[in-house]
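# Notes for the structure review
Letter by letter, the chains look like this.
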Amino acid sequence: MSGLLKNTIRFIFFILVQAYVLDKVPPLHEYVKPILYFLFILWLPFGISRSLLMIIAFAFGLCMDYFTGTPGLHSIPCILIAYVRPFLLNILLPQETTELSYSEPSSKSLGAAPYSIYVIILTFLHHACLVLVEWLQFGDFIFFIGKVAASTAVSLLLIFITEMLFTRKGKYRTNAAI
Amino acid sequence: MRNIFLFIRRFFHLLLFLALEGLAIYTISKYNKTHQAFFASVSNEVTGSISEKYNRVEYYFRLKKTNEQLANENANLRRMLGSSFEGPDTAKATVIDSLAKDTLGVRKFNFLVAKVVNNSVSQENNYITVHRGAKQGVKVDMGVIGPDGIVGKVIFVSDNYSRIMSILNRKSRVSAMLQKGLYTGDLEWDGKDPDYFTLSKIPKSAKVQKGDTVLTSNVSEKLSFPPGVMVGRVAEISTDPSSNFYTLRVKSATNFYTLQYVYLADNLLWEEQSLLEAKTPKD
């Protein structure tokens, strides 16, 4: 399957799962909101240029927004993590190989520990930004801290389960790398 | 000039990042004020039709509950019928009714039924989509009621779908009153439990008890709710010693989890009322 087709399917799949499965879950608590859709941005291939990455993230966030009925709310954190992602990958990518041989970030291509750091940082950043935007409209500081912490924990659990369920084959980007 | 281009090229990613963020922030701030977003009507049609496909499945599993709700509502309406009441006849003489006009009055509210296709309860700001739009007579600011009580108000319409701001929304504010004593207050949602609202600004002179009925009030500024629609029952009374008002926790009459059909209240006299109110001298 070509990269473009795969990512288009993921685009649609993540939005539908978030809008029609996770958002339909009866609320356990005010703070606990299962959010998974942004994993799409974390899974985008290495090869995408930085400007395209941000534009994709903006479009993705806006699509999500139209389903929840709050245009702008999800696009702000999505653009932020798309902007931070290349910096983070630069630090975390193994330095000894001059050419990367995998197409997208995964525990195989980065290594388990760097990949979990990558996921944790971006998840936290996404939730902090999302809740901050909500917090500016209402709420207090406890709400901010509590919601960021609780939602990050739930999201990390969901990402862990997703990674277990859908094992992505660590595809080589080019044949020449072998 | 050359330096500007060099600057733009050097900081292109940062500038793009800031531009996109600016666009997103502009969208959300504009939306919060006026509920108008770009592509609003197009996106409403698209998400509405996807939601409708999802709802076809979901609706099947809730048929039993929906049926029960509608049957209960019918029973309630039947109880209000004139034929359900009987008293001794007090008429003394035969009076010939010579009035040309209907003495019952002029119709003020017309109700349009609509199918809910998308509904959320878990967000901070919840919205509902219904499959009825401008072509089928829906207008912005119509009040929305469900089989058991109030639901929200219409915030924008596209050709075939409309978006409703649910009462379960931080931005929603509705005028409601206690059935006993007709004290009016503000009904809001605190974002915690979808089953409870907050009714504030009820003066302490009101004799409130747990279980008292809360209805929509006779005065609703722009929201055209019919007066006397069920809102809920008082569940908890808290007094603030520093002010002269009660803050009441109200158990919602509407079950937002199982909402399948709603009625949009069309206030037919609203235009006349608003024209008259606009004439009031402002000095």
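Worth saying up front: this structure is predicted, and the values here are computed from it rather than measured.

Calculation rules
- Residues numbered from 1 in each chain as written.
- Chains lettered and ligands numbered in written order.
- Predicted model: local features only at pLDDT ≥ 70, side-chain atom pairs only at ≥ 80, totals over all residues.
- Domains from an automatic or database assignment.
- Axes fitted to C-alpha atoms, helices over the stretch in contact; angles between N-to-C directions.
- Helix = DSSP H or I, 4+ residues; strand = E, 2+ residues; numbered from the N terminus.
- Parallel < 35°, antiparallel > 145°, perpendicular 65-115°, else oblique.
- Left-handed = near helix turned anticlockwise from the far one by under 90°.
- Contact = placed C-beta atoms within 7 Å.
- Nonpolar A, V, L, I, M, F, W, Y, C, P; charged D, E, K, R; others polar.
- Pairing = 2+ DSSP bridges.

### Side note on the domain arrangement of chain B
- With domains assigned, chain B is organised as domain 1 (2–34) and domain 2 (174–254).
- For domain 1 of chain B and domain 2 of chain B, the distance between their C-alpha centroids amounts to 44 Å.

### Side note on the packing of helix 1 (residues 3–20) of chain A against helix 3 (residues 50–68) of chain A
Residue and element names in this part refer to chain A.
- The contact between helix 1 and helix 3 brings their axes to 10 Å, and the two run at 30°. Taken together, the axes of helix 1 and helix 3 lie roughly parallel to each other. Crossing of helix 1 against helix 3: the hand is right-handed. Along the contact surface, helix 1 presents Phe11, Ile15, Gln18 and Ala19, while helix 3 presents Phe60, Cys63, Met64 and Phe67.
- Of the residues contributing to the contact of helix 1 with helix 3, the split by class is seven nonpolar, one polar and no charged.

### Some points on the packing of helix 4 (residues 75–92) of chain A against helix 2 (residues 12–34) of chain B
- It is at 9 Å that the axes of helix 4 of chain A and helix 2 of chain B come closest, and there the two elements cross at 170°. With respect to each other, helix 4 of chain A and helix 2 of chain B are oriented roughly antiparallel. Residues A:Ser75, A:Ile76, A:Ile79 and A:Tyr83 of helix 4 of chain A form the contact with helix 2 of chain B, whose own contacting residues are B:Phe17, B:Leu20, B:Glu21, B:Ala24 and B:Ile25.
- Grouping the constituent residues of the contact of helix 4 of chain A with helix 2 of chain B by class yields seven nonpolar, one polar and one charged.

### Points about the pairing of strand 7 (residues 184–188) of chain B
All names here are of chain B.
- Relative to strand 7, strand 6 (residues 174–178) is paired through four bridges, and the arrangement is antiparallel. Looking across to strand 7, one finds that serine 175 is bridged to aspartate 186.
- As defined by bridge partners, strand 7 adjoins strand 8 (residues 196–203) across three bridges and the pair is classed as antiparallel. Looking at the pairing, leucine 187 lines up with leucine 199 of strand 8.

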